[in-house]
Structure formats: structure tokens, C-alpha cells
Amino acid sequence: MELTHRKSHAEKIDEKGSIPTITKPSIINEKRKNSTDTMPVEEKTLTNSLRKIFLDQISSNTYFYTRIIFIRLLGLVYTFSFLAAYHQTPILIGYQGLHPAHIHMKRMKERYGIWQSPSIFYFLPSMDTSDSSLRLVNSLGTFLGLFLLFTGRCNSIILFILWCLHTSLHNIGQLFYGYGWETQILETTFLGMFLVPFYSLAKINRHSPPSILFIFLMRFLIARIMLGAGLIKIRGDQCWRDLTCMQYHYETQPIPNPISYYLHQSPVFFHKFEVLVNHFIELFVPFLCFGPWRCVRHIGGSLQILFQILLIISGNLSVLNWITIGPALWCLDDSYILYKYIFRRRRISNETITNSIRRRMKYLQTIIKLVVFSIVIYLSIDPVLNLFSRSQRMNSSFDRLNLVNTYGAFGSVGKIRDEVIISGCNRTSIEQCNYDNAWLEYEFSCKPGRIDKAPCFSAPYHRRLTWQLWFAAMQNLQYNPWLIHLMAHLLASDQYSPVNVVLSNGEGNPFPDAPPRFIKAELYRYKFTDMKSGEKNWWIRTNPQPYSPIFDLKSQQLKLLLKHMGWSLPKVPMRA
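Calculation rules
- Residues numbered from 1 in each chain as written.
- Predicted model: local features only at pLDDT ≥ 70, side-chain atom pairs only at ≥ 80, totals over all residues.
- Heavy atoms only, no water.
- Helix = DSSP H or I, 4+ residues; strand = E, 2+ residues; numbered from the N terminus.
- Buried < 20%, exposed > 50% of the residue type's maximum accessible area, 1.4 Å probe, protein only.
- Contact = heavy atoms within 4.5 Å.
- Areas by Shrake-Rupley, 256 points an atom, 1.4 Å probe, with all protein chains shown as cover.
- Pairing = 2+ DSSP bridges.
- Axes fitted to C-alpha atoms, helices over the stretch in contact; angles between N-to-C directions.
- Disulfide = S-S within 2.5 Å.
- Expected span 1.5 Å × (residues − 1).
- pLDDT = per-residue confidence, 0-100.
- Polar contact = N/O pair within 3.5 Å; in protein donor to acceptor, adjacent residues only side chain to side chain.
- Left-handed = near helix turned anticlockwise from the far one by under 90°.
- Nonpolar A, V, L, I, M, F, W, Y, C, P; charged D, E, K, R; others polar.
- Phe/Tyr/Trp six-rings, centres within 6.5 Å; stacked < 30°, edge-to-face > 60°.
- Lys NZ or Arg CZ within 6 Å of the ring centre and 35° of its normal.
- Salt bridge = Lys/Arg side-chain N within 4 Å of Asp/Glu carboxyl O.

## A few points about the overall build of the protein
Point 1. Broken down by element type, the protein carries 23 helices and four strands.
Point 2. A burial count over the protein gives 52% of its 576 residues as buried.
Point 3. In the protein, the proportion of contacts linking residues at least 24 apart, taken out of those at least 6 apart, comes to 75%.
Point 4. Surface summary for the protein: the accessible area is close to 29000 Å², and the carbon and sulfur share equals 60%.

What follows is the structure in C-alpha cells.
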């Protein structure tokens, strides 16, 4: 027992420090001077940094909360996009639609093959006899959108399905899917596939943090969107340089809302201030998204999101502003100050994968992400060059899958607002219609018509036909043959016909019991009333001009045009 507690003589000496070690400073300094131990440490640090970025693809910051909000936002966008498509695509591109998709698909297949503009509708049946395929795809898209919106859960497989569904609609939608935000949705979704777990539906999957490479691409996307919009304005309409565009914008935008009416009444100096703010946000703030400090990126992302919220309040721009918030979110990490009010704040850290099978899967995903990242960077060359081109193109794509695109909005702002007003009459002759002033107007959803009808709130629901009628008012009828097809539909429609889905509820069709005999389109000049005048109406309309001839279903001119376009004369009464 005594031996077990007895310390050795060497240990005792060491405790008392009676045998000193070498402490000569000169010797230590000489060793340090001649030592190369610091170099491997520095190389190791650089190697670790590169490994974290390109192999682990993780950041010192976490983005789990950002990912949840991004997923819910994508869910909102897809829910409203597919819900609107479910209601509207049958009358727009269905087999009895204004631009039937089956005719377009047949022509595309004969000329270019199906891979020039790929779509799953080439493999679905009955496109020329039924709208069941359209309704099936839109129902699935709406369901998946609702799942993302209400659960905040997502994986790459779900986003790939949504991307395929939306690509399929975009490639057969023709002019009704020719808006810039359609490709923006596709590009944002494509990048999002590499920011969510591959198969897991866990809300916070610490084994699968968002890839720092694709976070960079999201910031690159918001920068291209905003710079594209800002540069097209500076190069475009003189009013953006004169600071006068906002004096017209609220009145002449595609679908004003009630707040647009009141903003239009603002004083001139306020409108000039709005233009200056617009230039600052679109031309300078995008560079903050790449700031070297977290606080700079937070400021840049916050300003972009706030700007989009103001645009949502001031007009009905469909899902454009909502989907633009998506990439701006990735300027914010989990330390963002507002997140503590949204989430129950707890620190979340990345976890290292120890399972060998999962580790191999992780390496495979890393290689795939590196390859895709390289492809996106390569495809970005033309869009970036386009930004600095004098002949800048906006809302265009340089690849058939719409992976990287150019963007821009309101390069020119209309100074006047014209509206196409369609009227019908059920008298026995045109002369009698004119003599009795028996022309009754159709009212389309959220479109200015009756001067006492208030503007509506519509976004993020997209009323595609109303937007196209806004474009048609800026052009002649010859550039809008679909409008004649719409008038032919109205000549064959009562309250049970499919075309009623694009009309105002309850009051849109003035001929609910039987279709009219004659139909025409006129062009009216619209202006907001002045609040100070005490006028009770929302609009003043003047200067009616003929926009189209007067048609009936027996009109030879109507039959020739429909035949030329490959469209059939509608049956009376039309039924889905």
C-alpha cells in the first residue's frame, strides 16, 4: 500500500521544478527563426477555406430560416400560378381556346421536333379533344404549391416536378405565357433545387445545409434582375431621366388597384422622389448583395425586399414582385434581426455526416453541384454581356431550358391609357343597333370598363387575358388576331359558356340568356378622376374610336381569318 502511494523521485523533482528546462531566449528565438512550422498552418487554413466553399459548400453562417421562408414563398407563387392556370388555360390555350395549344404543338413538332421547346404535354393524351391534361397538370401544381406554402418543407424532387410542370406550360402557352416572370420563376426554381435537401422533407435538415455556391448564384440573380430593370430604364424612356415617369405609371400600368388611384394624386415632387428611389434601388443596391460584411448584405437584401413590398401595394403585377423577393432572401442569414420575431430563436449549426453511405451520397451531390454551378456561370456570360449592351434585350433567354435569362420591366412608360371595349347587340340589323343605341359592353375581370367600377386587388393571381387586352390597346387589330377569336367566342356564348371565366363575376356578360347577334370593339381614352373635383367616378373616358369591324358569325371576313389561323368557328352555344 505504501509503495502504491509513493511518488517517484523524478516526479517529485518535476513538481518542485528543481530541474529547469532550457529557457535561454536566444536559443528559443533562433529555433523560431529557423522554424517553418507556420507555413503548413497557413496552407492548411487556405485549404480548409477552399474545401468548405467547393467541397463542403458550407458557410460560417447558416441559412436554415431563410430556406424555410424561401420555400413558403415559392409555394405561394406556384399556388397562385397554377390556380390561375387551372381556371384560365382552357379558354386561353385549351382545345376550344383562343390560341389552341394542340395546333401550336403540332407545328412545333413538324418544324423543330419536341426538344426545341420541351413539354410533357407532348406525351399526354387528348389535347385536341379535351382539357383534361391541362386540368391534371394544373391541379398537381396547385397541390404541390399548397404543400410548400403551408408546411415549409421541400426537397429537390418536388422542385424538379414543379419546374417540369411550369416549363411545360410555358413552352405551349404562346403569347399568354410570354411574360418575364415566367422564366424568372423557372430560373429561381432551378437554383432552388440545389438549396434544399435532395429527398428529406425535414424543415431543418442540419446534414444538408444550403450550398454556399448556389447562395451566391441567388444573389447574382437578384443583382441581374435589378440591374437589368434599372439599365433598361436609363437607356429607354426619356421620362426616367427627366424623373417624370411616376406621374403616369400608376394610371397607365396594366392593372391598377385602388391604392394606385390615390398614389396617382400625389404632388409632382413626390413622384420625382419615387423615380430617384427607384434608380437607387435598381442601380446601386444590387452591389450590396455581394458585400464583404454580413450587415452590408442584410441592408442590401432588406432594401430589395422592402422595395418589392411597396410595388405589391401600389399595383397588380401578378407574381413578379413575389418571385423577385425569393433570391433577395438569400442575402439574409439566420442571424437576421427580424427572424427572432418570426421563429422561436435557437441557434442551429451544421452537422458533419458520419454515416459512410450518406457521406458518399454527399460527395456525389457535391460533384453534381459543382458541375451545375460551372454550367450556370458559363450560361451567364451572354446575359451579363447583354446588361452592358446598347441594344439591351429584356425578358429573353439564351438557352432552351430558360436556366439563365435576362430581365427588365417598364423600360418605357405609357403617357396615355387606351382601353379596348367590346360591345354586343342582339337586334336584327346593325342599323337598328346603332339607331336604338343597343350596344351592351362586356366587363372583363379587373379591367377598366365602366367608369364607376373601382380598380381591383388581383396580385399574385394573374389575369392573363386582361393583361393581353392592355397590350392590344397599344397596337392595331392586325397584330392581335386572337382578339377576333375572342369576339367569335362571345358571339357563341351565354352564361354557361367557358369564356365567362375571364369576365367579371355576375355582371361581365350582358347576354346571359342568349349570345348577341353582332359584336364590335372600340378604343376609349381613360384617365383617373381628380379627387379634388369631387367626382364620384373612378375614371373619365373620352375619344371613342373604332378598333375592329362589326362581326357576326356569318361574316365572311371572320370565317376567312379563323380558317387562316387554323381555328374553327365556334358552335352556338359554346360548352366546355
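There is more to say, and it comes next.
## Some thoughts on the sheet that holds strand S3 (residues 518-528)
Point 1. Ordered in space as S2-S1-S3-S4, the four strands form an open sheet in which the pairing is antiparallel. The sheet is open, and its two borders are formed by strand S2 (440-441) and strand S4 (539-546), each paired with just one other strand.
Point 2. Pairing of strand S1 (residues 417-425) with S2, which is carried by two bridges, proceeds in the antiparallel orientation. In the sheet register, Ser423 faces S2, and the bridge partner there is Glu441.
Point 3. The strands that helix H22 (residues 481-490) touches are S1 and S3; relative to S1, the one it contacts most, it runs at about 30°.

## With respect to the environment of Phe343
Point 1. Here Phe343 lies in the loop between helix H17 (339-342) and helix H18 (356-379).
Point 2. Classification of Phe343 as buried rests on a relative accessible area of 16%.
Point 3. Remark: the alpha-carbon pair of Phe343 and Tyr65, spanning 278 residues in sequence, is separated by 7.8 Å.
Point 4. Those residues in contact with Phe343, other than ones at most four positions away along the chain, are Tyr65, Ile68 and Ile69.

## Looking at the environment of Ser260
Point 1. Tracing the sequence through the fold places Ser260 in helix H13 (residues 258-264).
Point 2. Along the primary structure Ser260 and His249 are separated by eleven residues, whereas in three dimensions their C-alpha atoms are 8.9 Å apart.
Point 3. Discounting chain neighbours no more than four positions away, the residues touching Ser260 are Tyr250, Gln253, Ser314, Gly315 and Phe528.

## Topic: the state of the cysteines
Cysteine pairs can be covalently joined through their sulfur atoms, and such a bond is termed a disulfide.
Point 1. The full count for this structure, using the stated rule, is three disulfides.
Point 2. With a sulfur-sulfur separation of 2.0 Å, Cys425 is cross-linked through a disulfide to Cys433. An S-S torsion of about -95° defines the bridge between Cys425 and Cys433 as left-handed. Here Cys425 and Cys433 have matching classes, each one buried.
Point 3. Here Cys446 engages in a disulfide with Cys456; their sulfurs sit 1.7 Å apart. When the S-S torsion is 125°, as for the bridge of Cys446 with Cys456, the disulfide is right-handed. You can see Cys446 sitting in the loop between S2 and helix H21 (464-472) and its partner Cys456 sitting in the loop between S2 and H21, a full ten residues away along the chain.
Point 4. Cys446 gets classed as buried once you look at its relative accessible area, which sits at 16%.
Point 5. Owing to a relative accessible area of 17%, Cys456 belongs among the buried residues under this scheme.
Point 6. Ordering the disulfide-forming cysteines of the protein by sequence position, one finds them joined as 1-2, 3-4, 5-6.
Point 7. Left unpaired, Cys331 is separated from the closest cysteine sulfur, that of Cys289, by 3.4 Å.

## Side note on helix H14 (residues 268-283)
Point 1. Spanning 16 residues, H14 covers 23 Å between terminal C-alpha atoms, matching the ideal 22 Å at 1.5 Å per step.
Point 2. Within H14, the full set of buried residues consists of His271, Glu274, Val275, Asn278, His279, Ile281, Glu282 and Leu283.
Point 3. If you follow the buried residues of H14, they end up packed against helix H10 (212-235), helix H11 (238-242), helix H12 (246-252), H13 and helix H15 (294-314).

## Some thoughts on the confidence of the model for the protein
Point 1. In this model, the protein carries an average pLDDT of 87, and 87% of its residues clear a pLDDT of 70 or more.
Point 2. Below pLDDT 50 for its whole length, residues 1-44 participates in five contacts with residues either more than four positions away or in separate chains.

## Remarks on the environment of Gln265
Point 1. Here Gln265 is to be found in the loop between H13 and H14.
Point 2. In this structure, the C-alpha to C-alpha distance between Gln265 and Glu251, residues 14 residues apart in sequence, is 9.8 Å.
Point 3. When near neighbours in sequence (up to four residues on either side) are disregarded, Gln265 contacts Phe528, Thr529, Asp530 and Met531.
Point 4. There is a polar contact of 3.3 Å between the side chain of Gln265 and the backbone oxygen of Tyr261.

## Section: the packing of helix H5 (residues 64-93) against helix H8 (residues 156-172)
Geometrically, a packed helix pair is captured by the angle between its two axes and the distance between the axes.
Point 1. For the pair H5 and H8, interaxial distance at closest approach is 12 Å and the crossing angle is 30°. Judged by the twist between their axes, the crossing of H5 over H8 is left-handed. Along its contact with H5, which presents Leu74, Tyr78, Phe82, Ala85, Thr89 and Ile93, the element H8 presents Leu159, Leu162, Trp163, Leu165, His166, Leu169 and Ile172.
Point 2. When its residues are assigned to classes, the contact of H5 with H8 shows eleven nonpolar, two polar and no charged.

## What about the packing of aromatic side chains?
Point 1. Summed over all chains, the structure comprises 30 aromatic pairs.
Point 2. Ring plane angle 45° and centroid distance 6.5 Å describe the contact between Trp115 and Phe123, whose orientation is recorded as tilted. Summarising the burial analysis for this pair, Trp115 and Phe123 share the class exposed.
Point 3. Centre to centre, the rings of Trp181 and Trp467 are 5.1 Å apart; their planes meet at 75°, and the pair counts as edge-to-face. One end of the pair, Trp181, is in helix H9 (residues 180-192); the other, Trp467, is in helix H21, with 286 residues separating them in the sequence.
Point 4. Aromatic ring contacts, followed pair by pair, group Tyr261, Tyr262, Tyr526, Phe528, Trp538 and Trp539 into a single cluster.
Point 5. The side chain of Lys415 reaches across the aromatic face of Tyr248, ending 5.7 Å from its centre.
Point 6. For Arg541, the ring lying beneath its charged end belongs to Tyr524, and the centroid distance is 4.1 Å.

## Structural notes on the side chain of His279
Point 1. Tracing the chain through its elements places His279 in helix H14.
Point 2. Apart from the residues within four sequence positions on either side, His279 is in contact with Ile234, Trp240, Leu243 and Phe284.

## Topic: the pattern of salt bridges
Point 1. Scanning the model with the defined rule gives 14 salt bridges in all.
Point 2. One salt bridge connects Glu187 with Arg224, and the closest N-O pair in it is separated by 2.3 Å. With Glu187 in helix H9 and Arg224 in helix H10, this pair connects stretches of sequence that are 37 residues apart. For the pair Glu187 and Arg224, one class covers both residues: buried.
Point 3. Residue Lys520 is joined to Glu522 by a salt bridge in which the shortest nitrogen-to-oxygen separation is 3.6 Å.

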